[in-house]
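What follows is each chain in one-letter form.
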Amino acid sequence: MSHAPPQRPTALVTGASSGIGRAIAAALAAAGYAVVLAARGRDRLDVVADGLRAQGAEVLAATCDVRDAGAVEDLVRAAVARYGRLDVVVANAGVYARSPATSIGTADVEAALATNFWGAFHLVRAALPHLLARQAGHLVLMASFDARKTLPHDGAYAAAKAALACYAAALRQDLRPHGVHVCTVFPGRVDTPMVDGLMVPWISRKVAPERVARAVLGALRRRRAEVVVPWPCRLLLWADTLSPRLGDWLVRVLRLDGEARSR
Ligand SMILES: NC(=O)c1ccc[n+]([C@@H]2O[C@H](COP(=O)([O-])OP(=O)(O)OC[C@H]3O[C@@H](n4cnc5c(N)ncnc54)[C@H](OP(=O)(O)O)[C@@H]3O)[C@@H](O)[C@H]2O)c1
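Worth saying up front: this structure is predicted, and the values here are computed from it rather than measured.

A. Geometry of the site of the ligand. Lining the immediate surroundings of the ligand are 32 residues, of which Gly15, Gly19, Arg40, Gly41 and Gly94 lie closest. Of all the elements in the fold, those that place two or more residues in the shell around the ligand are helix H1 (19-30) and helix H4 (106-134). Looking at the shell around the ligand residue by residue, the class counts come to 14 nonpolar, 13 polar and 5 charged.

B. Spotlight on unusual backbone geometry. Between Val229 and Pro230 the backbone carries a cis peptide bond, its omega angle lying at 0°. One non-glycine residue with positive phi stands out, namely Arg223, at about 50°. Note on placement: Arg223 falls in the loop between helix H6 (209-222) and strand E8 (226-229). For Arg255, which is not a glycine, the phi torsion comes out positive at approximately 55°. By the secondary structure assignment, Arg255 is in the loop between helix H8 (244-254) and strand E9 (259-260).

C. Layout of the packing of H4 against helix H5 (residues 155-175). One can describe the packing of H4 onto H5 by two numbers: an axis separation of 7 Å at closest approach and a directional angle of 25°. Judged by the angle between their axes, H4 and H5 are roughly parallel. The element H4 and its partner H5 pack so that their crossing is right-handed. Residue-level contacts link Asp108, Val109, Ala112, Leu113, Asn116, Phe117, Ala120, Phe121 and Val124 of H4 to Ala156, Tyr157, Ala159, Ala160, Lys161, Ala163, Leu164, Tyr167 and Leu171 of H5. Counted by class, the contact of H4 with H5 contains 15 nonpolar, 1 polar and 2 charged residues.

Definitions and cut-offs
Residues numbered from 1 in each chain as written. Predicted model: local features only at pLDDT ≥ 70, side-chain atom pairs only at ≥ 80, totals over all residues. Near = placed C-beta within 6 Å. Helix = DSSP H or I, 4+ residues; strand = E, 2+ residues; numbered from the N terminus. Nonpolar A, V, L, I, M, F, W, Y, C, P; charged D, E, K, R; others polar. Axes fitted to C-alpha atoms, helices over the stretch in contact; angles between N-to-C directions. Parallel < 35°, antiparallel > 145°, perpendicular 65-115°, else oblique. Left-handed = near helix turned anticlockwise from the far one by under 90°. Contact = placed C-beta atoms within 7 Å.

Take a look at the structure:
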């Protein structure tokens, strides 16, 4: 009787060529997962893939624009064809643009939704049959603390992330009986190219992307529903729950929205 070789646990991470996605992919690789890395640009993706392979990781790097549902289906198909299974799926690809709510145009909202909401939605849709078939696995959806306490100038971005967070909350409950764990991540400021151009006060200083990655790996182990990182964000959340006007006041006096660096 012939036995198929044991399959390696596999993780797929979008937006893996930079920042938080890169850190999560590295942490998953270090934890023994084969990792499928996706982003639009080939060059940065290859740098990350080569770095992980040099550390002994099993890596598949694939270019994919998550705004394209067909391309996301191809990505998932390629991952399953290579590794035979999917254990962790991280919908992390995202874009950020500041836009005062008074002047947001339809195009700003559509652009924010296209990557931050629809990109994640396409990935969930494509990956879900594989997770359901095994009645196991984890979906990690990268929202933002902005979806919990929205800052000035972030209307379009926060609207897209809030849509994602609400979808994730429903998904978590719908998938619970099927053994699939859903975790929504709400990072505050993280030191990545996305917010390079933003100066923020000390109290909301940017944390390293590796800190978010550690929190995500911990959440996978404990099957946590949500991650808010760094923890001081929770203080603002409590104040805002008590009174949104108190929350707004704290944002104002602490200047939590930060300031765009002049170029
Ligand atoms: N940094 C923060 O302070 C912060 C705070 C809260 C939440 N977040 C969220 O965390 C996630 C990662 O952000 P980050 O700070 O690590 O940003 P980042 O360093 O700019 O990385 C973004 C990644 O997403 C990829 N990407 C962007 N658009 C894509 C698309 N349409 N299809 C596929 N890949 C795409 C980028 O590669 P390509 O451009 O080559 O495609 C890159 O790999 C995002 O969802 C972001 O909203 C970040």
